[in-house]
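Listed below are the residues making up each chain.
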Amino acid sequence: MAGGMDLGGGGGKGKKPLDTTINLVPFIDLMAVTIVFLIMTAVWTQLGRLQVSQSGQNASEEQQQDPNQLQPVTLLITEKELKLSVGGAQLEPIPIVHDDKGKMDVQKLTDKLKELKTQQPEQNAITVSTEDNVKYEDLVRVIDTCIGGQFPSVSVSPAST
Amino acid sequence: MAIITPGKRFGKRLMHSKIFGHHAMLGKKSVFSDLNVTPLVDMFVILVLFLIANFSATGEILSMSKDIQLPEAANTDELQLAPVVQVSQESVIVSGTMIGRVDDLTREDYLNIPALEEKLREMKKQFEDLHNAANDSGAFKGDVNIQADRQVQFRIIKRVMFSCASAGYGNIAFATMAAGSGEGGEKKKDETASRD
């Protein structure tokens, strides 16, 4: 029979069957215990982190090394708009628009950051100045957009200072 | 009730028939029948492989609370094991110790939160003492995770950040929920590739 194991019983009087089956019960027990353990210890929520630094720390090291070429990029977040400035020159403010779910629309900011990145490909640092009334969700969304726009070194500072 | 072997079953009258009953009685099969467990074992193996692939040895770094709804972000790194400062809309908590109420902190004009700074300094000292005893000086990197509710205002976050930095925890990370994937995930892959 297919899958059977030849036990080599020979052709004696007490003929034994050629087929034998492996006892799978202990294996199933082991599997059941392992599955219960893995399900109990599983982490179902996918969490991540956005690394930031406070303004004045290591974020601006790179731009300090070569101040002639790289112009510092600053993004001011107010309650109503985003103000990008490069090397002191302020660009046109971007109004903050939230969708039905309260999520900030960052398409314009993404485009602006892309444009800045093409102008200064070596620039990796951006300073995000934030007003006190800005919600944490909006701040995180902006930082996320900055990192996605190839500005991985984000430093956060209060707008008043 | 008796167990009947699957197969042809004749009626009572035919069972006693010389023609039909004879054949029916000749092929007597064993009453015992093994349950086929192969599909069960296959399913278990696939399930175990799936769970092991998703297994996280570090466990839960953050304790999720219903008071804190984390914001979503797409371009995130993996969360590191570090002290966690929880900021909900009501209170600020570090390692299970309540530092202060958000309403009170909003009214104050200080740049830092003294109680938080003190607590973090204490935690840093404990960490350093522990590692110095094990001749592992320099292990302190100053990592701290801020787990804040999405509706909290920056006026609280900035005080928390300033307190962390003052206490020596300069590597601040904002804990976020990983957003759906799609564009963000692709961007992250591209970024990682360009770094390599």
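Concerning the overall build of chain A
In terms of regular secondary structure, chain A is built from 4 helices and 7 strands. When contacts within chain A are restricted to residue pairs at least 6 apart in sequence, long-range pairs at least 24 apart make up 64% of them.

Some words on helix 6 (residues 154-166) of chain B
Residue and element names in this part refer to chain B. Taking 1.5 Å per residue, 13 residues should reach 18 Å; helix 6 reaches 18 Å between its end C-alpha atoms and fits that length. In terms of burial, helix 6 is largely enclosed, as 10 of its 13 residues are buried. For helix 6, the set of buried residues is Phe 154, Ile 156, Ile 157, Lys 158, Arg 159, Val 160, Met 161, Ser 163, Cys 164 and Ala 165. Positive phi appears at Gly 168, one or two residues downstream of helix 6, with a value of about 105°.

Points about the interface of chain A and chain B
With 37 residues of chain A in contact, the opposing surface of chain B contributes 46 residues. Among the secondary structure elements, those contributing two or more residues to the side of chain A that touches chain B are helix 1 (25-41), strand 1 (47-54), helix 4 (136-148) and strand 7 (153-158) of chain A. By residue class, the composition of the side of chain A that touches chain B is 19 nonpolar, 11 polar and 7 charged. With 6 bridges joining them, strand 1 of chain A and strand 6 (residues 171-178) of chain B adopt antiparallel strand pairing. Each residue of the ladder has a partner; that of Leu47(A), found in strand 6 of chain B, is Met177(B).

Overview of the environment of Ala173(B)
Relative to the helices and strands, Ala173(B) is located in strand 6. Its 21 C-beta neighbours within 10 Å are what place Ala173(B) among the buried residues. Here the alpha-carbon distance between Ala173(B) and Gln147(B), two residues 26 residues apart in the chain, equals 8.8 Å. Apart from the residues lying within four places of it in its own chain, the contact partners of Ala173(B) are Arg49(A), Leu50(A), Gln51(A), Gln80(B), Asp143(B) and Asn145(B).

Describing the confidence of the model for chain A
Low pLDDT means the predicted atomic positions in that stretch should not be read closely. All names here are of chain A. Averaged over all residues, the pLDDT of chain A equals 81, while 81% of them reach at least 70. At the low end of the mean pLDDT range in chain A sits helix 2 (residues 61-65), at 49; at the high end sits helix 4, at 92. Overall, residues 58-63 carries pLDDT values under 50, and its contacts beyond four positions in sequence, including any with other chains, amount to 13 contacts.

Focus on the environment of Pro71(B)
Residues and elements named next belong to chain B. Mapping Pro 71 onto the fold places it in the loop between helix 3 (38-53) and strand 1 (72-73). Overall, Pro 71 belongs to the buried group, with 25 C-beta atoms counted inside 10 Å. Separated by 18 residues in the primary sequence, Pro 71 and Ala 53 place their C-alpha atoms 26 Å from one another.

Observations regarding unusual backbone geometry
The residue Gln150(A) is not glycine, and still its phi comes out positive at about 65°. Assignment of secondary structure puts Gln150(A) in the loop between helix 4 and strand 7. For Gln150(A), a count of 19 C-beta atoms within 10 Å translates into the label partly exposed. Positive phi, close to 50°, is recorded for Ser95(B), a residue that is not glycine. The topology assignment puts Ser95(B) in the loop between strand 3 (91-94) and strand 4 (97-101). In this structure Ser95(B) comes out as exposed when scored by C-beta crowding, with 12 C-beta atoms within 10 Å.

Describing the nonpolar core
If you look at the biggest cluster of nonpolar residues, it comprises 58 residues, and the most contacted ones within it are Ile143(A), Val160(B) and Cys164(B). Cys164(B) has contacts with Val85(B), Leu120(B), Val144(B), Tyr169(B) and Ile172(B), leaving out every residue within four places of it along the chain.

The rules behind the values
Residues numbered from 1 in each chain as written. Chains lettered and ligands numbered in written order. Predicted model: local features only at pLDDT ≥ 70, side-chain atom pairs only at ≥ 80, totals over all residues. Helix = DSSP H or I, 4+ residues; strand = E, 2+ residues; numbered from the N terminus. Contact = placed C-beta atoms within 7 Å. Expected span 1.5 Å × (residues − 1). Buried ≥ 20, exposed ≤ 12 C-beta atoms within 10 Å, placed from the backbone. Nonpolar A, V, L, I, M, F, W, Y, C, P; charged D, E, K, R; others polar. Pairing = 2+ DSSP bridges. pLDDT = per-residue confidence, 0-100. Core = buried A, V, L, I, M, F, W, Y, C linked by C-beta atoms within 7 Å.

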